[in-house]
Amino acid sequence: MNKSCENFRYLEKGWPRRDLTFKFYTDGTLTIIDNRAEEVISPNDLKGDSMDFYVRRRIAFIKNKLIAAQQKYA
């Protein structure tokens, strides 16, 4: 199956400022990349505004998936 993803770039406001790329895949998986360090990080490594961004995007993803399921089976 060909899984697609939505990419979001986020620049942290607090110190140390990280340049992050969030990849939300259609199957629910997630990859977070620290662009400066060129490494994959986990959601547990997020703090403050980047954690808030992640949570808001994840909630939006879940809502969209639920709406799609409702429409499919309605």
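Residues numbered from 1 in each chain as written. Predicted model: local features only at pLDDT ≥ 70, side-chain atom pairs only at ≥ 80, totals over all residues. Heavy atoms only, no water.

A. Examining the environment of F22 more closely. As for its placement among the helices and strands, F22 is situated in strand β2 (residues 19–25). By relative accessible area, which is 0% here, F22 ends up buried. Separated by 35 residues in sequence, F22 and R57 place their C-alpha atoms 9.4 Å apart. The contact partners of F22, leaving out residues within four places of it in the chain, are E6, N7, F8, Y10, L30, T31, I32, L46, S50, F53 and Y54. (Helix = DSSP H or I, 4+ residues; strand = E, 2+ residues; numbered from the N terminus. Buried < 20%, exposed > 50% of the residue type's maximum accessible area, 1.4 Å probe, protein only. Contact = heavy atoms within 4.5 Å.)

B. Highlighting the sheet that holds strand β1 (residues 5–11). Sheet architecture is open: 4 strands sit in the order β1-β2-β3-β4, paired in antiparallel fashion. One side of each edge strand has no neighbouring strand; the edge strands of this open sheet are β1 and β4 (39–41). Going across the sheet, the axis of each strand differs from the next one's by a mean of 30°, ignoring polarity. Of the strand pairs in this sheet, β1 and β2 are connected by 7 bridges, and their pairing is antiparallel. Note on β2: the bridge partner recorded for E6 is F24. Strands β1, β2 and β3 (30–34) of the sheet are contacted by helix α1 (residues 48–73), whose axis makes an angle of about 15° with β2. (Pairing = 2+ DSSP bridges. Axes fitted to C-alpha atoms, helices over the stretch in contact; angles between N-to-C directions.)

C. The arrangement of α1 in detail. In this model α1 runs 38 Å from its N-terminal to its C-terminal C-alpha over 26 residues, within 8% of the 38 Å that 1.5 Å per residue would give. Every buried residue of α1 is accounted for by S50, F53, Y54, R58 and F61. Against β1, β2 and β3 lie the buried residues of α1. (Expected span 1.5 Å × (residues − 1).)

D. Spotlight on the pairing of β2. Within β2, 6 of the 7 residues are buried, which leaves it mostly tucked inside the rest of the structure. As judged from the 5 bridges shared by β2 and β3, these two strands associate in the antiparallel manner. By the bridge assignment, L20 is partnered in β3 with D34. Taking the residues that link successive antiparallel strands as the turn, the β2-β3 hairpin has 4 residues, and the phi of G28 there is positive, at about 100°.

E. Focus on the packing of aromatic side chains. Counted under the stated rule, the structure contains 5 aromatic pairs. Judged by centre distance (4.7 Å) and plane angle (25°), the rings of Y10 and F53 are stacked. Within this pair, whereas Y10 is found in strand β1, its partner F53 is found in helix α1, the two being separated by 43 residues in sequence. Neither Y10 nor F53 differs from the other in exposure class; each is buried. With 6.3 Å between their ring centres and 10° between their planes, F22 and F24 make a pair best called stacked. Here F22 matches F24 in class, with each residue buried. Clustering of aromatic rings is evident, with ring pairs tying together F8, Y10, F22, F24 and F53. (Phe/Tyr/Trp six-rings, centres within 6.5 Å; stacked < 30°, edge-to-face > 60°.)

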